[in-house]
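Tertiary structure, described
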Amino acid sequence: MTADVWGAAAATGVGSMPGGDARETARSVTGTLEALPFLPELPARGPGADMVGRTAGMLAELYVQLEPSGWRLADRPGRDTRRARAWLGEDLDALEEFTQGRTGALKVSAVGPWTLAAALQLRGGEAMLTDPGACRDLAASLAEGLRDHLADLRRRVPGARIVLQLDEPSLAPVLRGRVGTASGYRTYRAVDRAVAEDTLRDLMAVHAGPVVVHSCASEVPFALLRRAGAAAVSFDFARLTGGVDTESVEEAIGEAAEAGTALFAGVVPGDGADTGALSDPASSVMGVRSLWRRLGLSPALLTESVVVTPACGLAGASPVYARTALEHCVRAARSLADNPE
């Protein structure tokens, strides 16, 4: 797939950034990530600017309000919905300012239907995940909301090639029945894999361009996402390849790459705790090169398939570290392109 969209061995961010200045963050992101800039999330501003709150504000004819236990469905749009939409409007205004005339790729993200169903509560307090009918309504509402969101973005930046990222960190727990109920004493029933796949496929069909699915969890269902239509899968490289089932995970990564799925490899720490990790760009992608050799994949496929990213969002890091981490991703991607072997 799809070096033709963002170029060989590109770099990008995952989504969240520290601080609360939308304009300064947009300027920094677009100035650093020439191949694949993204619309930042700034959760430090408060409820509605977070990942779940922002996406809940996009929903069509479904509304939410913030309760002590989390985001819950409401009968009508209230203060929390209006605030989420206002934060998103501010973010889009800032991005538009710094992407005028852009003709390259531009990435925007939203929470996927299954992570959203696990995070949003019905009026009784249980997750929407407990009700199959509610999940279908949520997916339909999200699809309509995303259509409007993407259309707005195309009006604002008409020359850009939009890349849609769906954040699905809870997808594996949803599929395995590991999402806890409100009481914490039991878990919700696992969602049938065919139902999960069909729902994702229908949602991805909303966007005519490439769709990336991101998960920084320790399990990522590569084959399911590929069948559903994901053009790329974004993941925490160390967390996924450092577990007890490393061999089967690596095989799944190799199969995805050979099938033409791009891999957004999260190789740069996102929390800012290990500043030494930013000292050598080549060392950051050493594990990716080693994996490629173990799988017997061609170096040419490596430069075409891999996009370098932080391991997850950067909201928990300092602004200085976040900016440096994105710059480091760019240098690491160049290292990969210059010497894939």
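Structure report, in brief. The structure displayed is predicted, hence computed values, not measured ones. (Residues numbered from 1 in each chain as written. Predicted model: local features only at pLDDT ≥ 70, side-chain atom pairs only at ≥ 80, totals over all residues. Heavy atoms only, no water.)

1. So, the overall build of the protein chain
A tally of regular secondary structure across the protein chain gives 15 helices and eight strands. Over its C-alpha trace the protein chain gives a radius of gyration of 19 Å, about what one expects of a compact globule, namely 20 Å for 341 residues. The C-alpha extent of the protein chain, read off along each of the three principal axes, is 55 × 45 × 35 Å. Each of the 341 residues in the protein chain was classed as buried or not, and the buried ones make up 56%. Across the protein chain, the fraction of contacts at a sequence separation of at least 24, relative to all contacts at a separation of at least 6, is 72%. A total of about 13,900 Å² of accessible surface is found on the protein chain, and carbon and sulfur atoms cover 48% of it. One way to put it: in the protein chain the 34 positive side-chain charges average out to a point 3 Å from where the 42 negative ones average out. (Helix = DSSP H or I, 4+ residues; strand = E, 2+ residues; numbered from the N terminus. Rg over C-alpha atoms; globule rule 2.2 N^0.38 Å. Buried < 20%, exposed > 50% of the residue type's maximum accessible area, 1.4 Å probe, protein only. Contact = heavy atoms within 4.5 Å. Areas by Shrake-Rupley, 256 points an atom, 1.4 Å probe, with all protein chains shown as cover. Lys, Arg positive; Asp, Glu negative; His and termini not counted. Charge placed at Lys NZ, Arg CZ, Asp CG, Glu CD.)

2. Focus on helix H6 (residues 132-156)
Between its first and last C-alpha atoms H6 spans 36 Å; for 25 residues at 1.5 Å apiece the expected length is 36 Å, and the two agree. If you check the start of H6, you find a side-chain oxygen 2.9 Å away from the backbone N of Gly133, and it comes from Asp131. (Expected span 1.5 Å × (residues − 1). Polar contact = N/O pair within 3.5 Å; in protein donor to acceptor, adjacent residues only side chain to side chain.)

3. A closer look at the side chain of Thr303
When you line up the elements, Thr303 lands in helix H14 (residues 299-305). With a relative accessible area of 14%, Thr303 lands in the buried category. Of the polar contacts made by the side chain of Thr303, one reaches the backbone oxygen of Ala300; its length is 2.9 Å. If we ignore the near neighbours within four places in the chain, the residues touching Thr303 are Ala8, Ala9, Leu336, Ala337 and Pro340.

4. Comments concerning the pattern of salt bridges
Opposite charge on two side chains permits pairing when their charged atoms draw close. One pass over the full model with this rule turns up 18 salt bridges. A salt bridge links Glu144 to Arg147; its shortest N-O distance comes to 3.1 Å. Within this pair, Glu144 and its partner Arg147 are both found in helix H6, separated by three residues, close to a single helical turn. Owing to a relative accessible area of 35%, Glu144 belongs among the partly exposed residues under this scheme. A relative accessible area of 41% means that Arg147 is categorised as partly exposed. Note that Asp152 and Arg156 form a salt bridge whose closest N and O atoms lie 3.3 Å from each other. Taken together, the positions of Asp152 and Arg156, both in helix H6 and four residues apart, correspond to about one turn of that helix. By relative accessible area, Arg156 is classed as buried at 15%. Each member of the salt-bridge network shares a partner with another, and the members are Asp93, Glu96, Asp152, Arg155 and Arg156. (Salt bridge = Lys/Arg side-chain N within 4 Å of Asp/Glu carboxyl O.)

5. Regarding the pairing of strand S7 (residues 262-268)
Along any regular strand the residues' side chains alternate between the sheet's two faces. Judged by how many residues are buried, S7 sits mostly within the fold: seven of seven residues are covered. Relative to S7, strand S6 (residues 232-236) runs parallel, the two sharing five bridges. In the strand pairing of S7, Ala232 is matched with Ala262. Relative to strand S8 (residues 306-310), S7 runs parallel, the two being bridged by five bridges. Across the sheet, Ala265 pairs through a bridge with Val308, a residue of S8. (Pairing = 2+ DSSP bridges.)

Everything listed here is a matter of geometry and, on its own, says nothing about what the molecule does.
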